[in-house]
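The lines below spell out each chain.
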Number of protein chains: 2
Amino acid sequence: MNAKTAPAAERNDLVIDRLVRAPREKLWRAWTDPVLLKEWWCPKPWTTEVRAFELRPGGDFHTFMSGPDGGTSDNPGCFLEIEPRQRLVFTSMLTGGWRPNTPWMGFTAIITLADELGGTRYVARVMHPDAATRERHAELGFFDGWNTCITQLEAFAQQLP
Amino acid sequence: MNAKTAPAAERNDLVIDRLVRAPREKLWRAWTDPVLLKEWWCPKPWTTEVRAFELRPGGDFHTFMSGPDGGTSDNPGCFLEIEPRQRLVFTSMLTGGWRPNTPWMGFTAIITLADELGGTRYVARVMHPDAATRERHAELGFFDGWNTCITQLEAFAQQLP
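Asker: Please clarify how the overall build of chain A should be interpreted in this entry.
Answerer: Within chain A, the regular secondary structure consists of four helices and nine strands. Counting from the amino terminus, helix and strand elements in chain A follow one another as β-α-α-β-β-β-β-β-β-β-β-α-α. At 15 Å, chain A has a C-alpha radius of gyration in line with the 15 Å of a compact globule built from 161 residues. Along the first, second and third principal axes, the C-alpha atoms of chain A reach 40 × 35 × 35 Å. The proportion of buried residues among the 161 residues of chain A is 47%. Taking the intrachain contacts of chain A between residues at least 6 apart in sequence as the baseline, contacts between residues at least 24 apart amount to 50%. In chain A, which carries 18 positive and 20 negative side-chain charges, the distance between the mean positions of the two groups comes to 3 Å.

Structure (structure tokens):
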């Protein structure tokens, strides 16, 4: 569904929907263990420091990324909903303990995983407060960035024991 | 604890802490039934229309207030956490289904209820994204407004069967 025909609220969303060639169980592990998460979370050669990872509703989820050129990206946030091996929701609008945040990019992401022949259907729905924020996210390279990370996640999960 | 001696994050909070002379059970009912909520939710003679009330994490919570002078106040939001008869958390930073909002006043409110001799200890902790938003909320009459509503809630709960 494209931006023009979607229900009004969904017009502020960016969606990635892919078949990932790795088992759901391994993708879930790679997502929910911070030691594993940091291996694929941001496009290489950038690196991720996981500053907080409390996997429960209202729990702190804070990543900090560093690039080889000295650039950084600080991303405090909060987990909202966790359905093991199926669904994970987090936001930049709040931080741990439900505290309001002042995000440089306001969004909520819903990640869903479902078994499919050949691997796992992986859907990332990223919802924004308004169309302008959605456009800004797209222009900053949302699809390129998130797809790169999902490809890294796929490769990383495939080699998990 | 005042703004200067509180931990850094709490400096963005506004807190009301009162003994309310009504049983906890009745206060909880008055809070969690939208037909009852609208009777005390905003300072009279303003009236409340409850446009959405889905009492579950991620559920829509939307009130719309109207004043006798034609003024209105539209307040979409989202429930975050519900612990029956003890604790209720909601925010204006998100709306139903965890969608990011563009609130005119960004906050998360944590309401806690505890039995106490003579009634119920009622604490409303209202957290803001930054000190400027906290100040703006205070200047717009937060303490006067919320305390008026809590007094209305107290009187309303007292007369519940």
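Asker: Teacher, can you tell me more about the pattern of salt bridges here?
Answerer: Opposite charge on two side chains permits them to pair, given that their charged atoms come into close proximity. Within this structure, the stated rule accounts for 22 salt bridges over all chains. For D17 of chain A, the salt bridge goes to R121 of chain A, with nearest N and O atoms at 2.8 Å. Residue D17 of chain A is found in strand β1 (residues 13–20), and its partner R121 of chain A is found in strand β9 (residues 119–127); the two are separated by 104 residues along the sequence. The exposure class of D17 of chain A is partly exposed, given its relative accessible area of 46%. Overall, the relative accessible area of 25% leaves R121 of chain A in the partly exposed class. The closest approach of N and O atoms between K38 of chain B and E39 of chain B, which form a salt bridge, is 3.1 Å. When its relative accessible area of 39% is taken as the criterion, K38 of chain B is described as partly exposed. On the basis of relative accessibility, which here comes to 35%, the residue E39 of chain B falls in the partly exposed class.

Asker: Is there a simple way to think about the interface of chain B and chain A in this case?
Answerer: At the junction of the two partners, chain B supplies 22 residues and chain A supplies 22 residues. Between chain B and chain A, roughly 1,700 Å² of surface is buried when both sides are summed, and carbon and sulfur atoms account for 65% of that area. Of all residues in chain B, the largest losses of buried area upon contact with chain A belong to W98, R99 and P100 of chain B, amounting jointly to 40% of the total for that side. Seen at the junction of chain B and chain A, the total is two salt bridges. Where R99 of chain B meets D13 of chain A, a salt bridge forms, and the shortest distance between an N and an O atom there is 2.9 Å. Scanning the region where chain B abuts chain A turns up six residue pairs in polar contact (both at pLDDT 80 or more). Contributions of two or more residues to the side of chain B that touches chain A are made by β4 (72–83), β5 (87–91) and β7 (99–100) of chain B. Here the residues of the side of chain B that touches chain A are counted per class, giving 10 nonpolar, six polar and six charged.

Asker: Would you mind showing me how to read the relation of the copies chain B and chain A here?
Answerer: Here the second copy of the chain follows from the first by a rotation about an axis and a shift along it. Once turned by 180° and shifted 0.0 Å along the axis, chain B lies on chain A with an RMSD of 0.0 Å. With respect to symmetry, the two chain copies, as superposed, fit the operation of a two-fold axis. When C-alpha positions in chain B are compared against the rotation axis, the closest is assigned to M93 of chain B, at 3.2 Å. A high fraction, 100%, of the interface residues of chain B reappear at the interface in chain A, so the copies pair face to face through one surface.

Parameters at a glance
Residues numbered from 1 in each chain as written. Chains lettered and ligands numbered in written order. Predicted model: local features only at pLDDT ≥ 70, side-chain atom pairs only at ≥ 80, totals over all residues. Heavy atoms only, no water. Helix = DSSP H or I, 4+ residues; strand = E, 2+ residues; numbered from the N terminus. Rg over C-alpha atoms; globule rule 2.2 N^0.38 Å. Buried < 20%, exposed > 50% of the residue type's maximum accessible area, 1.4 Å probe, protein only. Contact = heavy atoms within 4.5 Å. Lys, Arg positive; Asp, Glu negative; His and termini not counted. Charge placed at Lys NZ, Arg CZ, Asp CG, Glu CD. Salt bridge = Lys/Arg side-chain N within 4 Å of Asp/Glu carboxyl O. Buried area = accessible area lost by both parts, 1.4 Å probe. Polar contact = N/O pair within 3.5 Å; in protein donor to acceptor, adjacent residues only side chain to side chain. Nonpolar A, V, L, I, M, F, W, Y, C, P; charged D, E, K, R; others polar. Least-squares fit on C-alpha atoms with pLDDT ≥ 70 in both.

In short, shape yes, function no, at least from these values alone.
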